[in-house]
Amino acid sequence: MKVLAKIVAFHARAFNWCPDVDIAQLCEMAWSRGYYLRTKIRAAIEHLDQLLQYGDTGVITAGDLEQETRGRFTVLGQRAAPPYVG
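Residues numbered from 1 in each chain as written. Predicted model: local features only at pLDDT ≥ 70, side-chain atom pairs only at ≥ 80, totals over all residues. Heavy atoms only, no water.

According to the stated counting rule, one finds one aromatic pair in the structure shown. With a centroid separation of 5.2 Å and an interplanar angle of 80 degrees, the aromatic rings of Tyr35 and Tyr36 are classed as edge-to-face. Owing to a relative accessible area of 70%, Tyr35 belongs among the exposed residues under this scheme. Under the relative-accessibility criterion, Tyr36 is labelled exposed at 51%. (Phe/Tyr/Trp six-rings, centres within 6.5 Å; stacked < 30°, edge-to-face > 60°. Buried < 20%, exposed > 50% of the residue type's maximum accessible area, 1.4 Å probe, protein only.)

The subject of this paragraph is helix 1 (residues 2-15). Between its first and last C-alpha atoms helix 1 spans 20 Å; for 14 residues at 1.5 Å apiece the expected length is 20 Å, and the two agree. Those residues of helix 1 not exposed but buried are Leu4, Ile7, Val8, His11 and Ala12. Along helix 1, the residues classed as buried sweep out an arc of 135 degrees about the axis, all on the same side. Of the exposed residues in helix 1, those oriented more than 90 degrees away from the buried face are Lys2, Val3, Lys6, Phe10 and Arg13. Tucked into the core, helix 1 has its buried residues touching helix 2 (23-31) and helix 3 (37-54). (Helix = DSSP H or I, 4+ residues; strand = E, 2+ residues; numbered from the N terminus. Expected span 1.5 Å × (residues − 1). Arc of directions from axis to C-beta. Contact = heavy atoms within 4.5 Å.)

Here it is, written out as structure tokens:
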């Protein structure tokens, strides 16, 4: 839960906003997504992104996150480096 609280704080700083999110509920949602830790963290970040952009969230599944990764970071069937965010 401590890690997710830090992710929320970092997301808030990165986008200059104050997310109205219950860390316990975010933790419960993230931990029910996928098997790998990175998938759980990505689900939490996707949740925060949707809150920021739309003010609400839809259902986030591990399959959706995997499909997004393949579409965004795969070039000609090879794994490409993610874009630099600085």
